[in-house]
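Results of the structural survey
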Amino acid sequence: MRASAPCSAKQSRPHLAPARQRLARPLRRQIRSSARYQSEMDRASARLDALVQDAIVWASQHGLVVGLGGAASPAALIHAPLSLLPVAFPGNRFQQAKDAMTAFNFLVDRVAADEAYLTITLSLAAKQDPFTGRLLQLLQQTAAARAAAAAAGVQEIVLGVHRSDYMLDAPSGGFLQVRYSFTIIRALL
């Protein structure tokens, strides 16, 4: 028995060669296109990695950091969460946040104007925290002067600057207030 040499598909069916070439062309183009796409994706990924690293460095250099907490050293910091691109905030959630902010700002204004409530509420904190203690002391020291000015018909102007930061909560679909800060300035006219 004699072993025959293996023959390629081209040798065994020469009449199919033109069809094979026609089918191979798009496949070759697709392979080249796929390789080009992969190369572009690799370059885009490298650019994105560089951008992320630049953002982390910027955050660290400008104090946008938070403590690691836990068992880590008290001096151990990491950059705060950040986004490189704007994030879509649904319009209905934005309106909901504006409505909540209006009500919350009104509440803060009412609490800030209630000196008796502030004195009672902050008295324990004032004993432990020097800053709060000094603020409460200033409130009490100026009470008589403010009352006399009001009795004399002097108008008090109050300016409240409020800032609220909200974050969308993915699991619940709602929004969370992650920061609230305000400054109230009073003047007598």
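Residues numbered from 1 in each chain as written. Predicted model: local features only at pLDDT ≥ 70, side-chain atom pairs only at ≥ 80, totals over all residues. Heavy atoms only, no water.

It is worth spelling out helix 5 (residues 130–151) at this point. Its 22 residues give helix 5 an end-to-end C-alpha distance of 32 Å, which sits within 8% of 32 Å, the value for a rise of 1.5 Å per residue. Of all the positions in helix 5, only Thr132, Gly133, Leu136, Leu139, Arg146 and Ala149 are classed as buried. Here the buried face of helix 5 lies against helix 4 (115–128), strand 3 (156–168) and strand 4 (175–188). One or two steps after helix 5, the chain reaches Gly153, where phi turns positive at roughly 85°. (Helix = DSSP H or I, 4+ residues; strand = E, 2+ residues; numbered from the N terminus. Expected span 1.5 Å × (residues − 1). Buried < 20%, exposed > 50% of the residue type's maximum accessible area, 1.4 Å probe, protein only. Contact = heavy atoms within 4.5 Å.)

Now for the packing of helix 4 against helix 5. Running from N to C, helix 4 and helix 5 point in directions that differ by 145°, and their axes come no closer than 7 Å. Here helix 4 runs over helix 5; the crossing is left-handed. Listed contacts from helix 5 to Glu115, Leu118, Thr119, Leu122, Ser123, Ala125, Ala126 and Gln128 of helix 4 are Pro130, Thr132, Gly133, Leu136, Leu139, Gln140, Ala143 and Arg146. In terms of residue class, the contact of helix 4 with helix 5 is built from eight nonpolar, six polar and two charged. (Axes fitted to C-alpha atoms, helices over the stretch in contact; angles between N-to-C directions. Left-handed = near helix turned anticlockwise from the far one by under 90°. Nonpolar A, V, L, I, M, F, W, Y, C, P; charged D, E, K, R; others polar.)

Moving on to a nonpolar patch on the surface. Judged by side-chain polarity, Leu48, Leu51, Trp58, Leu64, Leu82, Leu84 and Leu85 come together as a nonpolar surface patch covering roughly 660 Å² of accessible area. With respect to the helices and strands, Leu48 occurs in helix 2 (residues 17–61). (Patch = residues over 30% accessible without salt bridge, like charges linked within 9 Å, V, L, I, M, F, W, Y side chains within 5 Å. Areas by Shrake-Rupley, 256 points an atom, 1.4 Å probe, with all protein chains shown as cover. Salt bridge = Lys/Arg side-chain N within 4 Å of Asp/Glu carboxyl O.)

Another point: the side chain of Asn105. Along the chain, Asn105 falls in helix 3 (residues 91–113). Only 3.4 Å separates the side chain of Asn105 from the side chain of His162, close enough to count as a polar contact. Looking at Asn105, its side chain comes within polar contact range of the side chain of Tyr180, at 2.9 Å. Excluding anything up to four places from it in sequence, Asn105 contacts His162 and Tyr180. (Polar contact = N/O pair within 3.5 Å; in protein donor to acceptor, adjacent residues only side chain to side chain.)

Bringing the pairing of strand 4 into the picture now. Where strand 3 lies against strand 4, 13 bridges are found, and the strand directions are antiparallel. By the bridge assignment, Ile157 is partnered in strand 4 with Ala187. Linking two consecutive strands that pair antiparallel, namely strand 3 and strand 4, is a turn of six residues; a positive phi of about 80° is found at Gly173 within it. (Pairing = 2+ DSSP bridges.)

Let us look at the packing of aromatic side chains. On inspection of all chains with the given rule, the structure shows one aromatic pair. For the pair Phe104 and Tyr180, a centre-to-centre distance of 4.8 Å together with 90° between the ring planes defines the contact as edge-to-face. Of this pair, Phe104 sits in helix 3 while Tyr180 sits in strand 4, and the two are 76 residues apart along the sequence. What makes Phe104 partly exposed here is its relative accessible area of 31%. Under the relative-accessibility criterion, Tyr180 is labelled partly exposed at 21%. (Phe/Tyr/Trp six-rings, centres within 6.5 Å; stacked < 30°, edge-to-face > 60°.)

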